[in-house]
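Report on the structure
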Amino acid sequence: MTEISVNEKGELRVDGEPKKIADLTQEFLEKLVDDSLESKVDYEIEGDMPLAGFFETLRDGTKEGSELRKAKEEREKKVEDAVAAGKKFIEGHGDAPISDVEKWRIQ
């Protein structure tokens, strides 16, 4: 579990370690969003400094019931359904060569 804290002075800590704005790389932020969507981030945010506002927006935008989380869950469901349909097709027809794709295409 990742812990993000921003105090009223706008000082950022990640898992208790002080961080600077330069530490917020694209890679770090992408992982933070992914983890936050999976409820793997605890936020402790104080004050109204811009950095606090950024992390409040991130927290609120990825929490249970948020539009982003709903979209992620819908996307995951579609992927699961597509995989299940593919397995069902293979079970029913064998592993058809790509050259036969037109023959099996649902019209």
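The notes below deal with the structure included here.

Definitions and cut-offs
Residues numbered from 1 in each chain as written. Predicted model: local features only at pLDDT ≥ 70, side-chain atom pairs only at ≥ 80, totals over all residues. Heavy atoms only, no water. Helix = DSSP H or I, 4+ residues; strand = E, 2+ residues; numbered from the N terminus. Buried < 20%, exposed > 50% of the residue type's maximum accessible area, 1.4 Å probe, protein only. Areas by Shrake-Rupley, 256 points an atom, 1.4 Å probe, with all protein chains shown as cover. Salt bridge = Lys/Arg side-chain N within 4 Å of Asp/Glu carboxyl O. Phe/Tyr/Trp six-rings, centres within 6.5 Å; stacked < 30°, edge-to-face > 60°.

As for the overall build of the protein
Looking only at helices and strands, the protein features four helices and four strands. Listing each helix as α and each strand as β along the protein from the N terminus yields β-β-β-α-β-α-α-α. Relative to its 107 residues, the protein shows a buried fraction of 21%. Carbon and sulfur atoms make up 52% of the accessible area of the protein, which totals about 8,200 Å².

Thoughts on unusual backbone geometry
Here the phi dihedral of aspartate 15 falls at roughly 50°; this positive angle occurs in a residue that is not glycine. Here aspartate 15 shows up in the loop between β2 (12-14) and β3 (17-19). Unlike most non-glycine residues, serine 39 shows phi in positive territory, near 60°. Checked against the element boundaries, serine 39 lands in the loop between α1 (26-37) and β4 (41-45).

Considering the pattern of salt bridges
Applying the stated criterion across every chain yields a total of eight salt bridges. For lysine 72, the salt bridge goes to glutamate 38, with nearest N and O atoms at 4.0 Å. Here lysine 72, found in helix α3 (residues 67-93), pairs with glutamate 38, found in the loop between α1 and β4; they are 34 residues apart in sequence, far enough to count as distant. With a relative accessible area of 13%, lysine 72 lands in the buried category. Among the residues examined, glutamate 38 registers a relative accessible area of 40% and is labelled partly exposed. Glutamate 64 is the partner of arginine 69 in a salt bridge, and the nearest nitrogen-oxygen pair spans 3.1 Å.

Quick look at the packing of aromatic side chains
If you walk through the whole model with that rule in mind, you get one aromatic pair. Measuring from centroid to centroid gives 5.0 Å for phenylalanine 54 and phenylalanine 55, while their planes differ by 85°, and the two rings are edge-to-face. Phenylalanine 54 sits in the partly exposed class, given a relative accessible area of 38%.

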